[in-house]
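# Observations on the three-dimensional arrangement
Read off the chains here:
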Amino acid sequence: MSKLWFSVTAKDAYAGNEESFAEVEGESWAQSLLANYEPIKKEFSDYLAAHGMVPYFHQSMVNKKDTWKTLGLKFWNIIVYKHRSSFPFTYKWLSQNPEVIALSYSKLEPFSRILPHVGDTNGIYRVHLGVDIPEGLPRCGFRVKDVKRPWEEKKFLAFLDAFEHEAWNETEKSRVIMMIDVIRPEFRKKQSYICKQVIASLALQKLAAMLLIHNHKPEAKPVAVPLWFRRMMAYAMLAALSVILPVRNIVARMIAK
């Protein structure tokens, strides 16, 4: 059995021997999602027509500024309450499928690329579901380690997020996918811990971006932060989340009403 790995506290890159991609079609949540795909997609289409998506905060991960855009409904078991009125069916589906710890939409603009990177933990499978796919390989696709695959509309592409991966869209149209995170079966008893540890990691990444640790140029890399400092901050943040998250959820629900 693999040991849990988190990028924020790890000394080295993840070196597990698992397969890059996984099969999830037989999972109950996956079958339920496909069965309810049309009403879920309609809510997203209606929202997109009236609103928009925001650029991903980590601009160093793309080759062109503001070309990777996202819309999040649930992150690491944190519900984004402000979107509940626009996605009532989707949020009902999420409540019925608690093994889905995250659900968001990702848009990659024409002639753009998400640069090679690794995820925050080996504790999950990240799953892409094709929503609007302009073309297959070689112009539009996805790589995990040394394996390339295309997206397909209404088809799953599940992979181990801890391995290096990248995405590209060299077509004239935008590529849109739904992103779902599920805990790997062997780590399901540690779901709460995994979510909190990654939230701590993401908070530190966002703080680093806000404090201008890197210069925001696409080709620039963040300044290396000592491992001891990353571990100290991550564990401190993990402890603080035990208080912060319950308060955040109460306030977020009140504001969203």
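Residues numbered from 1 in each chain as written. Predicted model: local features only at pLDDT ≥ 70, side-chain atom pairs only at ≥ 80, totals over all residues. Heavy atoms only, no water.

Attention now moves to the pattern of salt bridges. Evaluation of the coordinates by the stated rule reveals 13 salt bridges. Of the charged contacts, one joins Lys107 and Glu109 as a salt bridge, the two residues approaching to 3.8 Å between their closest N and O atoms. With a shortest N-O distance of 3.1 Å, Glu166 and Arg113 are connected by a salt bridge. Note that Glu166 is positioned in strand S11 (residues 165-169) and Arg113 in strand S6 (residues 112-117), a separation of 53 residues in sequence. (Salt bridge = Lys/Arg side-chain N within 4 Å of Asp/Glu carboxyl O. Helix = DSSP H or I, 4+ residues; strand = E, 2+ residues; numbered from the N terminus.)

Okay, the packing of helix H2 (residues 37-50) against helix H3 (residues 88-96) next. Relative to each other, H2 and H3 sit at 130°, their axes nearing to 8 Å. If you check the angle between H2 and H3, you find them oblique. Note on element contacts: H3 touches H2 through Pro88, Phe89, Thr90 and Trp93, opposite Pro39, Ile40 and Glu43. In the contact of H2 with H3, the residues fall into 5 nonpolar, 1 polar and 1 charged. (Axes fitted to C-alpha atoms, helices over the stretch in contact; angles between N-to-C directions. Parallel < 35°, antiparallel > 145°, perpendicular 65-115°, else oblique. Contact = heavy atoms within 4.5 Å. Nonpolar A, V, L, I, M, F, W, Y, C, P; charged D, E, K, R; others polar.)

Reading across the sheet, the 4 strands line up as S6-S11-S8-S9 and stay open at both edges, with antiparallel pairing between neighbours. Both outer strands of the open sheet, S6 and strand S9 (147-149), are each paired with one neighbouring strand and no more. When the angles between neighbouring strand axes are averaged without regard to direction, this sheet yields 15°. Here S6 pairs with S11 via 4 bridges, running antiparallel. Along S11, the bridge assignment pairs Arg113 with Trp168. (Pairing = 2+ DSSP bridges.)

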